[in-house]
Amino acid sequence: MSPHDWIEVRSDLFVYGALWAVVFGAAIGSFLNVVAHRLPQRRSVVAPRSRCPRCRLPIRPWHNLPVVGWLLLRGRCRDCRGAISWRYPAVELATGLLFAACWWRYGLSVSLPVAWLWTTLLVVLALVDLDARILPYELTVPAAALALLVPGLSWATPRSALAGLCLGVGLALVASSAWRLVHGVDGLADGDVAFLGALGVAFGWRGLLIVLAGACALGLGVAGWQWLVGGIRRRPRRAEALPFGTFLGIAGLALLVLDPRIVSMGSL
(Lines give C-alpha, C1' and ligand atoms only; values in the text may rest on other atoms or scores of the structure.)
Protein backbone atom coordinates (compact mmCIF):
# COMPACT_ATOMS: atom_id res chain seq x y z
CA MET A 1 0.00 0.00 0.00
CA SER A 2 1.41 3.34 -1.04
CA PRO A 3 1.64 6.28 1.37
CA HIS A 4 -1.11 8.04 -0.57
CA ASP A 5 -3.44 5.03 -0.21
CA TRP A 6 -2.65 4.79 3.49
CA ILE A 7 -3.55 8.45 3.99
CA GLU A 8 -6.87 7.89 2.21
CA VAL A 9 -7.63 4.85 4.40
CA ARG A 10 -6.85 6.79 7.57
CA SER A 11 -9.03 9.66 6.35
CA ASP A 12 -11.94 7.30 5.66
CA LEU A 13 -11.56 5.66 9.07
CA PHE A 14 -11.53 9.06 10.72
CA VAL A 15 -14.74 10.14 8.95
CA TYR A 16 -16.53 6.85 9.67
CA GLY A 17 -15.39 7.02 13.27
CA ALA A 18 -16.76 10.55 13.60
CA LEU A 19 -20.13 9.46 12.18
CA TRP A 20 -20.24 6.52 14.56
CA ALA A 21 -19.38 8.86 17.44
CA VAL A 22 -22.32 11.13 16.52
CA VAL A 23 -24.73 8.18 16.49
CA PHE A 24 -23.37 6.73 19.73
CA GLY A 25 -23.36 10.13 21.43
CA ALA A 26 -26.93 10.85 20.31
CA ALA A 27 -28.04 7.55 21.87
CA ILE A 28 -26.29 8.52 25.10
CA GLY A 29 -27.96 11.95 24.90
CA SER A 30 -31.37 10.26 24.65
CA PHE A 31 -30.65 8.45 27.91
CA LEU A 32 -29.36 11.64 29.51
CA ASN A 33 -32.70 13.31 28.80
CA VAL A 34 -34.34 10.60 30.90
CA VAL A 35 -31.74 10.91 33.68
CA ALA A 36 -32.05 14.71 33.84
CA HIS A 37 -35.84 14.43 34.10
CA ARG A 38 -36.06 11.63 36.65
CA LEU A 39 -33.00 12.04 38.87
CA PRO A 40 -34.21 15.22 40.67
CA GLN A 41 -37.48 13.37 41.37
CA ARG A 42 -35.60 10.38 42.85
CA ARG A 43 -37.16 8.08 40.25
CA SER A 44 -35.58 5.11 38.50
CA VAL A 45 -33.80 6.04 35.29
CA VAL A 46 -34.30 2.59 33.72
CA ALA A 47 -37.98 1.84 34.39
CA PRO A 48 -40.70 2.41 33.39
CA ARG A 49 -40.33 3.12 29.68
CA SER A 50 -40.46 6.69 28.41
CA ARG A 51 -44.01 8.05 28.29
CA CYS A 52 -45.78 11.04 26.89
CA PRO A 53 -46.05 13.60 29.74
CA ARG A 54 -49.58 14.47 28.61
CA CYS A 55 -51.43 11.20 27.89
CA ARG A 56 -48.99 8.96 29.84
CA LEU A 57 -48.94 6.33 27.07
CA PRO A 58 -45.56 4.63 26.40
CA ILE A 59 -43.56 5.94 23.48
CA ARG A 60 -43.03 3.32 20.79
CA PRO A 61 -39.44 2.05 20.47
CA TRP A 62 -39.01 3.30 16.89
CA HIS A 63 -40.16 6.75 17.99
CA ASN A 64 -37.43 6.75 20.63
CA LEU A 65 -34.70 6.85 18.00
CA PRO A 66 -32.46 9.86 18.80
CA VAL A 67 -33.40 12.95 16.76
CA VAL A 68 -34.96 10.82 14.01
CA GLY A 69 -37.92 9.79 16.19
CA TRP A 70 -38.76 13.40 17.01
CA LEU A 71 -38.57 14.35 13.32
CA LEU A 72 -40.81 11.44 12.31
CA LEU A 73 -43.38 12.53 14.88
CA ARG A 74 -42.95 16.18 13.85
CA GLY A 75 -42.61 17.10 17.49
CA ARG A 76 -46.02 15.64 18.45
CA CYS A 77 -47.13 12.61 20.46
CA ARG A 78 -48.40 9.84 18.18
CA ASP A 79 -51.47 9.26 20.40
CA CYS A 80 -52.63 12.56 21.88
CA ARG A 81 -50.83 14.95 19.50
CA GLY A 82 -49.39 16.82 22.45
CA ALA A 83 -46.21 18.80 21.79
CA ILE A 84 -42.87 17.14 22.51
CA SER A 85 -40.23 19.65 23.55
CA TRP A 86 -37.53 20.49 21.02
CA ARG A 87 -35.01 20.17 23.84
CA TYR A 88 -34.98 16.37 23.57
CA PRO A 89 -33.54 16.21 20.03
CA ALA A 90 -31.36 19.24 20.78
CA VAL A 91 -29.69 17.44 23.71
CA GLU A 92 -29.30 14.27 21.64
CA LEU A 93 -27.72 16.12 18.73
CA ALA A 94 -25.48 18.22 20.99
CA THR A 95 -24.23 15.14 22.83
CA GLY A 96 -23.56 13.40 19.52
CA LEU A 97 -21.57 16.38 18.25
CA LEU A 98 -19.62 16.56 21.51
CA PHE A 99 -18.72 12.87 21.21
CA ALA A 100 -17.58 13.49 17.64
CA ALA A 101 -15.53 16.49 18.79
CA CYS A 102 -13.81 14.27 21.37
CA TRP A 103 -13.09 11.74 18.62
CA TRP A 104 -11.59 14.52 16.52
CA ARG A 105 -9.45 15.71 19.43
CA TYR A 106 -8.30 12.41 20.98
CA GLY A 107 -8.65 9.88 18.16
CA LEU A 108 -8.49 6.18 18.94
CA SER A 109 -6.62 6.49 22.24
CA VAL A 110 -7.12 5.67 25.90
CA SER A 111 -8.14 9.29 26.47
CA LEU A 112 -11.22 8.96 24.24
CA PRO A 113 -13.44 6.89 26.59
CA VAL A 114 -12.38 9.09 29.49
CA ALA A 115 -13.39 12.19 27.53
CA TRP A 116 -16.73 10.56 26.65
CA LEU A 117 -17.27 9.65 30.31
CA TRP A 118 -16.71 13.21 31.49
CA THR A 119 -18.80 14.57 28.62
CA THR A 120 -21.69 12.39 29.76
CA LEU A 121 -21.33 13.56 33.36
CA LEU A 122 -21.03 17.26 32.49
CA VAL A 123 -24.02 17.20 30.13
CA VAL A 124 -26.35 15.55 32.64
CA LEU A 125 -25.22 17.82 35.51
CA ALA A 126 -25.70 20.90 33.34
CA LEU A 127 -29.24 19.75 32.47
CA VAL A 128 -30.21 18.84 36.04
CA ASP A 129 -28.98 22.16 37.41
CA LEU A 130 -30.75 24.04 34.64
CA ASP A 131 -34.08 22.37 35.46
CA ALA A 132 -33.97 21.80 39.22
CA ARG A 133 -31.10 24.02 40.47
CA ILE A 134 -29.43 21.03 42.12
CA LEU A 135 -26.24 19.08 41.52
CA PRO A 136 -26.81 15.57 42.92
CA TYR A 137 -24.16 14.12 45.22
CA GLU A 138 -24.87 10.75 43.59
CA LEU A 139 -22.95 12.03 40.56
CA THR A 140 -20.43 14.60 41.78
CA VAL A 141 -18.93 12.80 44.80
CA PRO A 142 -18.33 9.41 43.08
CA ALA A 143 -16.89 11.23 40.05
CA ALA A 144 -14.39 13.11 42.21
CA ALA A 145 -13.46 10.00 44.21
CA LEU A 146 -12.95 7.80 41.13
CA ALA A 147 -10.93 10.44 39.29
CA LEU A 148 -8.72 10.89 42.35
CA LEU A 149 -8.19 7.18 43.01
CA VAL A 150 -8.20 5.58 39.55
CA PRO A 151 -5.23 6.40 37.29
CA GLY A 152 -6.26 7.61 33.86
CA LEU A 153 -9.59 9.18 34.85
CA SER A 154 -7.98 12.57 35.42
CA TRP A 155 -5.90 14.73 33.10
CA ALA A 156 -3.89 16.06 36.02
CA THR A 157 -1.04 14.61 38.01
CA PRO A 158 -2.06 13.21 41.42
CA ARG A 159 -0.69 16.29 43.17
CA SER A 160 -2.42 18.66 40.78
CA ALA A 161 -5.68 16.73 41.13
CA LEU A 162 -5.49 16.95 44.91
CA ALA A 163 -4.63 20.65 44.67
CA GLY A 164 -7.59 21.12 42.31
CA LEU A 165 -9.91 19.41 44.78
CA CYS A 166 -8.77 21.64 47.64
CA LEU A 167 -8.88 24.77 45.48
CA GLY A 168 -12.35 24.02 44.13
CA VAL A 169 -13.88 23.28 47.52
CA GLY A 170 -12.04 26.17 49.16
CA LEU A 171 -13.04 28.76 46.58
CA ALA A 172 -16.65 27.59 46.67
CA LEU A 173 -16.84 27.85 50.46
CA VAL A 174 -15.20 31.30 50.50
CA ALA A 175 -17.49 32.62 47.75
CA SER A 176 -20.60 31.22 49.42
CA SER A 177 -19.64 32.70 52.81
CA ALA A 178 -18.88 36.11 51.30
CA TRP A 179 -22.22 36.14 49.47
CA ARG A 180 -24.02 35.18 52.68
CA LEU A 181 -22.40 38.09 54.55
CA VAL A 182 -23.47 40.59 51.90
CA HIS A 183 -26.89 39.28 50.87
CA GLY A 184 -27.97 37.08 53.77
CA VAL A 185 -28.38 33.95 51.60
CA ASP A 186 -25.97 31.28 50.38
CA GLY A 187 -24.33 32.12 47.09
CA LEU A 188 -23.55 28.50 46.23
CA ALA A 189 -25.29 25.30 47.25
CA ASP A 190 -23.48 22.25 48.59
CA GLY A 191 -23.82 20.60 45.20
CA ASP A 192 -21.82 23.43 43.61
CA VAL A 193 -19.05 22.86 46.16
CA ALA A 194 -18.88 19.15 45.32
CA PHE A 195 -19.01 19.86 41.58
CA LEU A 196 -16.12 22.32 41.78
CA GLY A 197 -14.14 19.74 43.69
CA ALA A 198 -14.83 17.13 41.02
CA LEU A 199 -13.77 19.53 38.26
CA GLY A 200 -10.58 20.30 40.16
CA VAL A 201 -9.78 16.60 40.38
CA ALA A 202 -10.54 16.02 36.70
CA PHE A 203 -8.66 18.99 35.24
CA GLY A 204 -6.17 19.93 37.95
CA TRP A 205 -5.98 23.34 39.56
CA ARG A 206 -4.93 25.09 36.34
CA GLY A 207 -7.81 23.60 34.38
CA LEU A 208 -10.21 24.42 37.21
CA LEU A 209 -9.28 28.09 37.04
CA ILE A 210 -9.95 28.12 33.30
CA VAL A 211 -13.34 26.44 33.78
CA LEU A 212 -14.21 28.90 36.55
CA ALA A 213 -13.27 31.86 34.37
CA GLY A 214 -15.43 30.53 31.53
CA ALA A 215 -18.37 29.83 33.85
CA CYS A 216 -18.17 33.29 35.40
CA ALA A 217 -18.07 34.88 31.95
CA LEU A 218 -21.17 32.93 30.92
CA GLY A 219 -22.92 33.80 34.17
CA LEU A 220 -22.16 37.49 33.82
CA GLY A 221 -23.39 37.43 30.24
CA VAL A 222 -26.70 35.80 31.19
CA ALA A 223 -27.12 38.04 34.23
CA GLY A 224 -26.44 41.12 32.12
CA TRP A 225 -29.01 40.03 29.57
CA GLN A 226 -31.60 39.41 32.30
CA TRP A 227 -30.85 42.80 33.81
CA LEU A 228 -31.30 44.49 30.44
CA VAL A 229 -34.71 42.91 29.90
CA GLY A 230 -35.73 43.57 33.50
CA GLY A 231 -36.12 39.89 34.34
CA ILE A 232 -33.88 39.75 37.39
CA ARG A 233 -34.46 41.28 40.82
CA ARG A 234 -31.92 42.87 43.02
CA ARG A 235 -32.18 40.07 45.59
CA PRO A 236 -33.47 37.02 43.70
CA ARG A 237 -35.15 34.11 45.43
CA ARG A 238 -33.39 30.76 45.32
CA ALA A 239 -35.76 29.52 42.59
CA GLU A 240 -34.68 32.45 40.45
CA ALA A 241 -30.97 31.96 41.02
CA LEU A 242 -28.76 31.51 38.00
CA PRO A 243 -27.76 27.87 37.29
CA PHE A 244 -24.03 28.22 37.97
CA GLY A 245 -23.62 24.45 37.69
CA THR A 246 -24.89 24.67 34.11
CA PHE A 247 -22.28 27.32 33.31
CA LEU A 248 -19.59 25.16 34.91
CA GLY A 249 -20.73 22.21 32.81
CA ILE A 250 -20.60 24.20 29.57
CA ALA A 251 -17.16 25.60 30.37
CA GLY A 252 -15.93 22.12 31.30
CA LEU A 253 -17.20 20.71 28.01
CA ALA A 254 -15.37 23.44 26.12
CA LEU A 255 -12.13 22.55 27.90
CA LEU A 256 -12.69 18.87 27.13
CA VAL A 257 -12.95 19.61 23.42
CA LEU A 258 -9.85 21.81 23.57
CA ASP A 259 -8.00 19.02 25.49
CA PRO A 260 -7.29 19.51 29.22
CA ARG A 261 -3.76 18.10 28.78
CA ILE A 262 -2.77 21.51 27.40
CA VAL A 263 -3.23 23.15 30.81
CA SER A 264 -2.39 20.16 33.03
CA MET A 265 1.30 19.99 32.18
CA GLY A 266 3.89 20.41 34.87
CA SER A 267 4.71 18.74 38.16
CA LEU A 268 1.82 20.40 40.01
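Residues numbered from 1 in each chain as written. Predicted model: local features only at pLDDT ≥ 70, side-chain atom pairs only at ≥ 80, totals over all residues. Heavy atoms only, no water.

Draft legend 1. Representation of the packing of aromatic side chains within the structure. Under the criterion given, the structure shown has seven aromatic pairs. Between Trp 20 and Phe 24, the ring centres sit 5.1 Å apart and the planes meet at 15°, which makes this aromatic pair stacked. Placement of both Trp 20 and Phe 24 in helix 1 (residues 3–38) is noted, with a separation of four residues, approximately one turn of the helix. Residue classification places Phe 24 among the partly exposed positions, given a relative accessible area of 31%. Ring geometry for Phe 99 and Trp 116: centres 5.1 Å apart, planes at 10°, overall stacked. Of the two residues, Phe 99 sits in helix 3 (residues 87–106) while Trp 116 sits in helix 4 (residues 111–132), which places them 17 residues apart along the sequence. As far as burial versus exposure is concerned, Phe 99 and Trp 116 are alike and both buried. Every member of this aromatic cluster is reached through a ring pair, and the members are Trp 20, Phe 24, Phe 99 and Trp 116. (Phe/Tyr/Trp six-rings, centres within 6.5 Å; stacked < 30°, edge-to-face > 60°. Helix = DSSP H or I, 4+ residues; strand = E, 2+ residues; numbered from the N terminus. Buried < 20%, exposed > 50% of the residue type's maximum accessible area, 1.4 Å probe, protein only.)

Draft legend 2. Layout of unusual backbone geometry. Located in the positive-phi region is Val 67, a residue other than glycine, with phi close to 65°. Tracing the chain through its elements places Val 67 in the loop between helix 1 and helix 2 (68–73). On the basis of relative accessible area, Val 67 is assigned to the partly exposed category, the value being 21%. Look at Arg 74: it is not a glycine, yet its phi comes out positive at around 55°. Locating Arg 74 in the fold gives a position in the loop between helix 2 and helix 3. Judged by relative accessible area, which is 74%, Arg 74 ranks as exposed.

Draft legend 3. Inspection of the pattern of salt bridges at higher detail. Applying the stated criterion across every chain, the model contains three salt bridges. Across the pair Arg 261 and Asp 259 runs a salt bridge whose closest N-O atoms are separated by 2.7 Å. Here Asp 259 falls in the buried class, since its relative accessible area comes to 7%. (Salt bridge = Lys/Arg side-chain N within 4 Å of Asp/Glu carboxyl O.)

Draft legend 4. Molecular detail of the packing of helix 4 against helix 7 (residues 190–228). Across the interface, helix 4 lies against helix 7 with an axial gap of 13 Å and an inter-helix angle of 160°. Put simply, helix 4 runs roughly antiparallel to helix 7. Helix-helix and strand crossings are classified by hand; for helix 4 and helix 7 the assignment is left-handed. Between helix 4, through Trp 118, Leu 122 and Leu 125, and helix 7, the contact on the second element is made entirely by Phe 195, Ala 198, Leu 199 and Ala 202. (Axes fitted to C-alpha atoms, helices over the stretch in contact; angles between N-to-C directions. Parallel < 35°, antiparallel > 145°, perpendicular 65-115°, else oblique. Left-handed = near helix turned anticlockwise from the far one by under 90°. Contact = heavy atoms within 4.5 Å.)

Draft legend 5. Expanded view of the packing of helix 5 (residues 137–149) against helix 7. Orientation of helix 5 relative to helix 7, taken along the N-to-C sense of each, is 25°, at an axis distance of 9 Å. In terms of orientation, helix 5 lies roughly parallel with respect to helix 7. The way helix 5 lies across helix 7 gives a crossing that is left-handed. Residues Tyr 137, Thr 140, Val 141, Ala 144, Ala 147 and Leu 148 of helix 5 form the contact with helix 7, whose own contacting residues are Asp 190, Gly 191, Ala 194, Phe 195, Ala 198 and Val 201. Of the residues in the contact of helix 5 with helix 7, the class split is nine nonpolar, two polar and one charged. (Nonpolar A, V, L, I, M, F, W, Y, C, P; charged D, E, K, R; others polar.)

Draft legend 6. Looking closely at the confidence of the model for the chain. Of the residues in the chain, 88% reach a pLDDT of 70 or more, and the chain-wide mean stands at 84. Below pLDDT 50 for its whole length, residues 2–9 participates in two contacts with residues either more than four positions away or in separate chains. (pLDDT = per-residue confidence, 0-100.)

Draft legend 7. Quick peek at the nonpolar core. In this structure, Trp 118, Trp 155, Leu 199, Phe 203, Leu 248 and Leu 256 are the most contacted members of the largest nonpolar core, which totals 54 residues. At the level of secondary structure, the elements contributing two or more residues to this core comprise helix 1, helix 3, helix 4, helix 5, helix 6 (158–183), helix 7 and helix 8 (244–258). (Core = buried A, V, L, I, M, F, W, Y, C linked by side-chain atoms within 4.5 Å.)

Draft legend 8. Spotlight on the side chain of Ser 30. Structurally, Ser 30 can be placed in helix 1. The class for Ser 30 is buried, based on a relative accessible area of 18%. Ignoring any residue separated from it by four or fewer positions in sequence, one finds Ser 30 in contact with Asn 64, Pro 66 and Glu 92.

Draft legend 9. Expanded view of a nonpolar patch on the surface. A contiguous nonpolar patch, built from Phe 14, Val 15, Tyr 16, Leu 19 and Trp 104 and spanning about 550 Å² of accessible area, is present on the exposed surface. Tracing the backbone shows Tyr 16 in helix 1. (Patch = residues over 30% accessible without salt bridge, like charges linked within 9 Å, V, L, I, M, F, W, Y side chains within 5 Å. Areas by Shrake-Rupley, 256 points an atom, 1.4 Å probe, with all protein chains shown as cover.)

Draft legend 10. Quick peek at helix 8. Counted at 1.5 Å a residue, the expected span for helix 8 with its 15 residues is 21 Å, and the 21 Å between its end C-alpha atoms agrees. Among the 15 residues that make up helix 8, eleven are buried, leaving the element largely enclosed by the rest of the structure. Restricting attention to buried positions, one finds in helix 8 the residues Phe 244, Gly 245, Thr 246, Phe 247, Leu 248, Gly 249, Ala 251, Gly 252, Leu 253, Leu 255 and Leu 256. Tucked into the core, helix 8 has its buried residues touching helix 3, helix 4 and helix 7. (Expected span 1.5 Å × (residues − 1).)

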